Amino acid sequence: MDDNEDIAETVTAEADAANLTLFDGETVTGLRGIRVFDVGQGDCIGLLDGGLMDHPDEANPNATAERLPVSYEGGFASIVLTHWDKDHYWSANKKNPEAQKGEWLVPRQMASPQAVRFAAELDRAKCWPENRDAPVRLDIGGRWDIEIRKCGKFSKKKLTEDRNKTGLAVTLLEWRAQQVDTYMLLPGDCPFHRIPSLPSAELRGLVAYHHGARKGWTHKTSAAIANFHTKHEMVYSYGENDYGHPDRTSYEPNWNETARTTGEARAAGEKGFDIRWK
Ligand SMILES: [Zn+2]
């Protein structure tokens, strides 16, 4: 198998951006916030899956299904995969394979043979339509929306791809008086200057991009975090690693002091930390 095999070969359908059905509009009527699960060195937010090195359930693989439940009465959770790096999908491979039964929205990227094999296991995967530039907005009801956008184009001509920079980023919007009042940002591993049309509202919740890495930090990052809501909250999601994640000095003084880490959740016996509007 070619190392640069296009992941799109293995997904079953092209997403119709206007008809994304990731959420059941009858049962989902509001958005309280996010839950950042402790998956060790990786990212898993709400129902997104991840985790690879220094996994908290390494000694007890069955525990992941209990920590990151993906099935409920009405079916299986929908999953938005930010990008095809192993620390963002690996928990759904062996530790919690039920996650493969839900609907996945994935970016078109050059993926490793391992990722291609995993993608072939997905029952219902939709690939982000590469010709779409604008964010897709999902109306959650109440004052909230979810927006999903792609951070860069897949190029068939290039032989390599920095997947951190071409994945999907998610924003959660809270509206007041017909404008976005505050938002939460789930950038995955994408540097901010690659995320198109970020809201200009105050940032309420943040999962530090790329596990708190400094790499890729630009004035866009500084500008986005400078516009913070008085109740701003941030979580660092990482495990033991050799990359120097996180560099907490980047988020001083306003964000770092009150930030929580997935390691703290683990030490406290918690599944993760929530960031809630109220
Ligand atoms: Zn990552």
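What counts, and at which threshold
- Residues numbered from 1 in each chain as written.
- Predicted model: local features only at pLDDT ≥ 70, side-chain atom pairs only at ≥ 80, totals over all residues.
- Helix = DSSP H or I, 4+ residues; strand = E, 2+ residues; numbered from the N terminus.
- Pairing = 2+ DSSP bridges.
- Buried ≥ 20, exposed ≤ 12 C-beta atoms within 10 Å, placed from the backbone.

Draft legend 1. Region of interest: unusual backbone geometry. Along the chain, His245 connects to Pro246 via a cis peptide bond; the corresponding omega equals -10 degrees. Along the chain, Pro246 turns up in the loop between strand 13 (228-236) and strand 14 (260-261). A cis amide bond links Glu252 to the next residue, Pro253, at an omega of -5 degrees. Relative to the elements of secondary structure, Pro253 occurs in the loop between strand 13 and strand 14. With a phi angle near 50 degrees, His210 is a residue other than glycine that sits in the positive phi range.

Draft legend 2. Main features of the sheet that holds strand 10 (residues 168-176). Taken together, seven strands build an open sheet; the order of strands is 8-9-10-11-12-13-14 and the sheet is mixed. The open sheet has two edge strands with one neighbour each: strand 8 (136-141) and strand 14. In the sheet, strand 8 pairs with strand 9 (residues 144-150) via five bridges, with the strands oriented antiparallel. Among the inter-strand pairings, Asp139 is bridged to a residue of strand 9, identified as Asp145.

Draft legend 3. Region of interest: the environment of Gly40. Here Gly40 lies in the loop between strand 2 (33-37) and helix 1 (63-67). The class of Gly40 is buried, set by 24 C-beta atoms lying within 10 Å. With 197 residues separating them along the chain, Gly40 and Ser237 place their C-alpha atoms 7.2 Å apart.

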